[in-house]
Amino acid sequence: MEKSRRSFIKKTTVAGSAAFVAPTIVSSKVFGANDRINAAVLGVNGRGKNHIQSLMNQDNVNVAILCDPDMNILKDRQKDFKEKYKKDVALEQDLRRVYDNKDIDVVSIAAPNHWHALATIWACQAGKDVYVEKPGSHNIWEGRKMVEAAQKYDRIVQHGVQLRSSPAIQEAIQLMRDGYIGKVYMARGLVFRWRPSIGDAGFSPVPKGIDYDLWTGPAPKRPFTKNLVHYNWHWHWDYGNGDVGNQGIHETDLCMWGLDVGLPSQITSMGGKFLWDDAKEVPEVLTSVYKYPDEGKIIQFEVRHWCTNAEDDATVGNIFYGDKGIIVVDGYDKYKSYLGRDRTPGKSGEDGGPSATGIDRGAGGTDGHFANFIEAVRKHDKTILNGPVETAHLSSGLAHLGNIAYRLERVLNFNPKSESFINDPEADEMLTRNYRNGYEVPELV
């Protein structure tokens, strides 16, 4: 069992670690429209490739450094970068040296989940603005530390849930706020993704070029296996959070945004592995229910992994239920509505097409979300952000609560104000983790 939070706090260092001393904080600065912003992308195997492209698509933004513990991947990305952009880009395996570089203004983080919070906190301490992929955190406690670091060091921190920058989804949210489907009492999140067996690769030597100690970072260091590096860490508790904490963060975020709620008071989850006898630890099928007794609202969330049906044509998305109708969000950039008992088609919209008001919309997506981030960085105005750090903590926290309920196999009662469970020390132990020496998330950021 992981250490209790109290024990953890007593043993956590204030400065982060002996291995990393935060540089002197640079003063906040406002960039002019013609000032170049230098960026570094941390983690370039998967989603980081999209970060590189979206940052390079922004006006007067230059990706100056690519960072990843795997030098093999770095060299491949450097070659791709040179071919596509006709310019060189520096390589670095250790993110701490990126943070020491005074020429870097912003960092985007697409490393594995277990690195997100610490990488964000270190970046804030080093005076960098941050775009961090979902989930914002690997556990609830460190998510709150991210919020505290962004506030303390006055940094711009955007969470990578790009649907928040979708004009169509913004329109759907406004319809609910305006009472279009009446009293909205329930949200349903759907994550029906095709996830095959990952087999069991067993242990093997660390491939040449990979700094496995650095890849492991804050998490426990297991013997090397290809079932972790590079993508399948998602399905292991020490590094990932299952699909509810992977694809699902887009949908947990939208559930909370649409219902206008924070963390719930009651949580229950049930699921398991029913098809594959492989190395995954997380459930492949998971149903979670989050109840808000004081608000009279509820969230239902379901993860499925193989042959399944769609719901109102959506396989990844959200359904919102009101007493006058429903709104269905399909994916990241479109919605439709049905009204009354007869399900009369109502207003609908899609990015790049006509809106419910007949006005053309611009595209959202990753480019739009990065554009929103860069605008906030230039103006040093966090109120501009569509996905601020607080939403990263809460949307990730909802997934974490469902996972804890699944692992403990019981209904949990939670205090959203203290962000702790009610009279449940065993559940409280799962709000944080035991960090490796040199990679501690500090109690005082």
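Now for a description of the structure that goes with this document. Note that the structure is predicted; figures quoted are calculated from it, not measured.

Conventions we followed
Once a new chain begins, its residue numbering starts again from 1 and follows that chain's sequence as written. Selection of residues for local features in this predicted model requires a pLDDT of at least 70, selection of side-chain atom pairs for listing and counting requires 80 or more, and totals for whole chains, interfaces and linings are taken over all residues. Calculation of side-chain values draws on the structure's entire complement of heavy atoms; hydrogens and water are dropped beforehand. Fitted lines through C-alpha atoms give the axes, limited to the stretch in contact for helices. The angle between two N-to-C directions lies from 0 to 180 degrees. The secondary structure listing takes helices from DSSP runs of H or I that are at least 4 residues long and strands from runs of E that are at least 2 residues long, numbered from the N terminus. Any angle between 65 and 115 degrees counts as roughly perpendicular, while under 35 counts as roughly parallel, over 145 as roughly antiparallel, and the rest as oblique. Left-handed is the label given to a crossing in which the near helix is rotated counterclockwise from the far helix by less than a right angle, and right-handed is the label when the rotation is clockwise. Contacts are assigned to residue pairs with any non-hydrogen atoms lying within 4.5 Å of each other. Each residue receives one of three labels: charged for Asp, Glu, Lys and Arg, nonpolar for Ala, Val, Leu, Ile, Met, Phe, Trp, Tyr, Cys and Pro, and polar for the others, Gly being one of them. Buried, partly exposed and exposed residues are distinguished by accessible area as a fraction of the type maximum, computed with a 1.4 Å probe on protein chains only: under 20%, between the cut-offs, and over 50%, respectively. Two strands pair under a simple rule: DSSP has to find at least two bridges between them. Seen with its strands pointing away from the viewer, a crossover is right-handed when the path leading from the first strand over the helix to the second is clockwise. We define a salt bridge as a side-chain nitrogen of Lys or Arg found within 4 Å of a carboxyl oxygen belonging to Asp or Glu.

### Some points on the packing of helix α2 (residues 47-56) against helix α3 (residues 71-85)
And then number 1: Running from amino to carboxyl end, α2 crosses α3 at an angle of 30°, the nearest separation of the two axes being 12 Å. Classed by the angle they form, the pair α2 and α3 counts as roughly parallel. α3 is crossed by α2, and the crossing has right-handed handedness. Contacts between α2 and α3 pair K49, I52, Q53 and M56 from the former with R77, F81, K84 and Y85 from the latter.
And then number 2: Looking at the contact of α2 with α3 residue by residue, the classes come out as four nonpolar, one polar and three charged.

### Thoughts on the pairing of strand β2 (residues 61-67)
And then number 1: Along β2, six of the seven residues are buried, which leaves the element largely enclosed by surrounding structure.
And then number 2: Bridge analysis of strand β1 (residues 37-42) against β2 gives six bridges, and the strand direction is parallel. Across the sheet, A40 pairs through a bridge with I65, a residue of β2.
And then number 3: Assessed by its sense of winding, the connection that carries the chain from β1 through α2 to β2 is right-handed.
And then number 4: Pairing of β2 with strand β3 (residues 90-92) involves three bridges; the strand directions are parallel. Bridge pairing in β3 places C67 opposite E92.
And then number 5: Handedness of the crossover joining β2 and β3 through α3 is recorded here as right-handed.

### What about unusual backbone geometry?
Negative phi values dominate among residues other than glycine, just as trans dominates among peptide bonds.
And then number 1: Cis geometry is adopted by the peptide bond preceding P135, which originates at K134 and carries an omega value of -10°.
And then number 2: For the bond running from V229 to H230, omega is 25°, close enough to zero to count as cis.
And then number 3: Within the element layout of this structure, H230 appears in the loop between α8 (212-216) and α9 (248-259).
And then number 4: At K86, a residue that is not glycine, the phi angle is positive and equals roughly 60°.
And then number 5: As for its position among the elements, K86 is in the loop between α3 and β3.
And then number 6: Take K86: its relative accessible area is 67%, and that puts it in the exposed class.

### Some points on α2
And then number 1: Along α2, the residues that are buried comprise G48, H51, I52, S54, L55 and M56.
And then number 2: On its buried side, α2 packs onto β1, β2, α3, β4 (106-109), β5 (129-132) and α10 (365-379).

### Regarding the pattern of salt bridges
And then number 1: If you walk through the whole model with that rule in mind, you get 30 salt bridges.
And then number 2: The closest approach of N and O atoms between D278 and K280, which form a salt bridge, is 2.6 Å.
And then number 3: K280 gets classed as buried once you look at its relative accessible area, which sits at 8%.
And then number 4: One salt-bridge network, held together by shared partners, links R188, E302, R304 and E311.

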